[in-house]
Protein chains: 2
Amino acid sequence: MNYNITKNTTNYANRGMNLENDINISNDFYQVNNIALINKKPTPIRVSRVDYKHSKITEAFFEKPSTLDYNGIYRGKYIEFDAKETQSKTSFALMNIHKHQLDHLTKVIEHKGIAFLIIRFTKLNKTYLLLGKDLLNFLKTSNRKSIPLEYFNEKAYIINLTYLPRLDYIKVLDKII
Amino acid sequence: MNYNITKNTTNYANRGMNLENDINISNDFYQVNNIALINKKPTPIRVSRVDYKHSKITEAFFEKPSTLDYNGIYRGKYIEFDAKETQSKTSFALMNIHKHQLDHLTKVIEHKGIAFLIIRFTKLNKTYLLLGKDLLNFLKTSNRKSIPLEYFNEKAYIINLTYLPRLDYIKVLDKII
């Protein structure tokens, strides 16, 4: 199989610099090779003032997202996930996920979509895929404000960094769904 | 079955004023009643200047969307669509849909998602659901720069306005997919 490596709209200058970038170039790879169609949603912005003469927004504010950052389609199935990095070596702080996002993730699962988090422990050089159901199970059974690394080692799946695609999370999904 | 009518975050003051609003309140209805989970994507905005001290964006520009405006999940299946109104009584101008959006729609279909347009002929008081495949077939077989109303009457499906939900496009999908 021949893989197309590049897509015109992507800037590869920052390749591999951070998790979001790794995911974006992996999504480009999935898209040009017809493996999956997954996009980052635009950041929600509340526009409050527009200079119509110059088609320019002159006042606006970032809003908290109420859904997860990425969604799309893989083999007809609905996929939605969020990606987070942590500097901690021992746990992932749950304050990184808003209440509205948890509600939304719960609904995605109820509607038979595939929901998950991609969490990178930057200082450990490890990237995990944690299924939404395992996140919700943790929240049901624990009062902790962070998910310990042990829980990731027990329930989540390691996503290896490779050359193409950079972060092959679809390969991990293939194994577990 | 008891239906929840309202959702806290929605402003119903403009109810029924236009197509986008009709779709948004229908999506709220689908969501609170666990029928489907469909959201409007945020408008893509390129931020070029931020006043970090006041957490305020001071210069930004609207960008052309490269995907369709709404996406989500219905019974595990991926849904994506766009909504357009036309003042014409005889045809829908294709310049309303960008090249990138057509490419994206084609890909959604290739990945076995459900893609369509909701087109309202405002002056005729008629709202149609046109499946993506029928849009693409038209483009393949015609050089016209607009889709005539006859094509809608032949290939598309009327979506009736009702009280709840306002615009029941899921009911139409149930019949045709």
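Quick summary incoming for the structure in this document. (Residues numbered from 1 in each chain as written. Chains lettered and ligands numbered in written order. Predicted model: local features only at pLDDT ≥ 70, side-chain atom pairs only at ≥ 80, totals over all residues. Heavy atoms only, no water.)

Turning to the packing of aromatic side chains, a few remarks are in order. A full pass over the atoms with the stated rule returns 21 aromatic pairs over all chains. Considering the side-chain rings of B:Tyr128 and B:Phe152, the 5.3 Å spacing of their centres and the 50° angle between planes classify their relative orientation as tilted. With B:Tyr128 in strand β8 (residues 126–131) and B:Phe152 in helix α4 (residues 149–155), this pair connects stretches of sequence that are 24 residues apart. For the pair formed by B:Tyr128 and B:Phe152, the shared burial category is buried. Among the aromatic residues, those joined into a ring-pair cluster are A:Phe29, A:Tyr30, A:Tyr70, A:Phe81, A:Phe116 and A:Tyr169. (Phe/Tyr/Trp six-rings, centres within 6.5 Å; stacked < 30°, edge-to-face > 60°. Helix = DSSP H or I, 4+ residues; strand = E, 2+ residues; numbered from the N terminus. Buried < 20%, exposed > 50% of the residue type's maximum accessible area, 1.4 Å probe, protein only.)

A few words now on unusual backbone geometry. The omega torsion across A:Leu164 and A:Pro165 is -10°, close enough to zero to call that bond cis. Within the fold, A:Pro165 resides in the loop between β10 (157–158) and α5 (169–176). One non-glycine residue with positive phi stands out, namely A:Asn125, at about 60°. Within the secondary structure, A:Asn125 is located in the loop between β7 (114–121) and β8 (126–131). Residues other than glycine seldom take positive phi values, yet B:Lys112 does so here, at roughly 65°. For B:Lys112, the position within the fold is in the loop between α2 (99–110) and β7 (114–121). Since its relative accessible area comes to 61%, B:Lys112 is described here as exposed.

Right, let's talk about helix α3 (residues 132–141) of chain A for a bit. Within α3(A), the full set of buried residues consists of A:Gly132, A:Asp134, A:Leu135, A:Leu136 and A:Phe138. Considering only its buried residues, α3(A) is in contact with α2 (99–110), β7, β8, β9 (146–148) and α4 (149–155) of chain A. (Contact = heavy atoms within 4.5 Å.)

Quick look at the pairing of strand β2 (residues 45–51) of chain A now. Residues and elements named next belong to chain A. For β2 and strand β3 (residues 56–62), the ladder comprises 6 bridges, and the chain directions are antiparallel. In the strand pairing of β3, aspartate 51 is matched with lysine 56. Hairpin remark: β2 followed by β3, antiparallel, with 4 residues in the connecting loop; positive phi at serine 55, about 50°. (Pairing = 2+ DSSP bridges.)

Of the transformation placing chain A onto chain B, the axial shift is 0.1 Å and the rotation is 180°, giving an RMSD of 0.1 Å. On the angle and the small slide along the axis, the relation comes out as a two-fold axis. By residue overlap, the copies meet face to face through one surface: 100% of the interface positions of chain A are interface positions in chain B. (Least-squares fit on C-alpha atoms with pLDDT ≥ 70 in both.)

The subject of this paragraph is α5(A). Residue and element names in this part refer to chain A. Inspection of α5 places Tyr169, Ile170, Val172 and Leu173 among the buried residues, and these make up the whole buried set. Seen end-on, α5 carries its buried residues on one side only, within an arc spanning 155°. Along α5, exposed side chains directed more than 90 degrees from the buried face belong to Lys171 and Lys175. (Arc of directions from axis to C-beta.)

Before going further, it helps to examine the sheet that holds strand β2 (residues 45–51) of chain B. Across the sheet, which stays open at both edges, the 4 strands sit in the order β2(A)-β3(A)-β3(B)-β2(B) with antiparallel pairing between neighbours. Single-partner strands in this sheet number two, and they are β2 of chain A together with β2 of chain B. The mean angle between the axes of side-by-side strands here comes to 35°, regardless of whether they run parallel or antiparallel. (Axes fitted to C-alpha atoms, helices over the stretch in contact; angles between N-to-C directions.)

The subject of this paragraph is the pattern of salt bridges. Note on pairing: side chains with opposite charge can pair once their charged atoms come close. All names here are of chain A. Taken as a whole and assessed by the stated rule, the structure comprises 14 salt bridges over all chains. Across the pair glutamate 80 and lysine 41 runs a salt bridge, and its minimum N-O distance is 3.1 Å. With glutamate 80 in strand β5 (residues 77–86) and lysine 41 in the loop between β1 (37–40) and β2, the pair connects residues that are 39 residues apart, well separated along the chain. The buried category is assigned to glutamate 80, whose relative accessible area is 0%. Note on lysine 41: relative accessible area 14%, which makes it buried. For lysine 133, the salt bridge goes to aspartate 134, with nearest N and O atoms at 3.5 Å. Lysine 133 sits in the partly exposed class, given a relative accessible area of 48%. One salt-bridge network, in which partners are shared between bridges, spans Asp22, Arg120 and Arg166. (Salt bridge = Lys/Arg side-chain N within 4 Å of Asp/Glu carboxyl O.)

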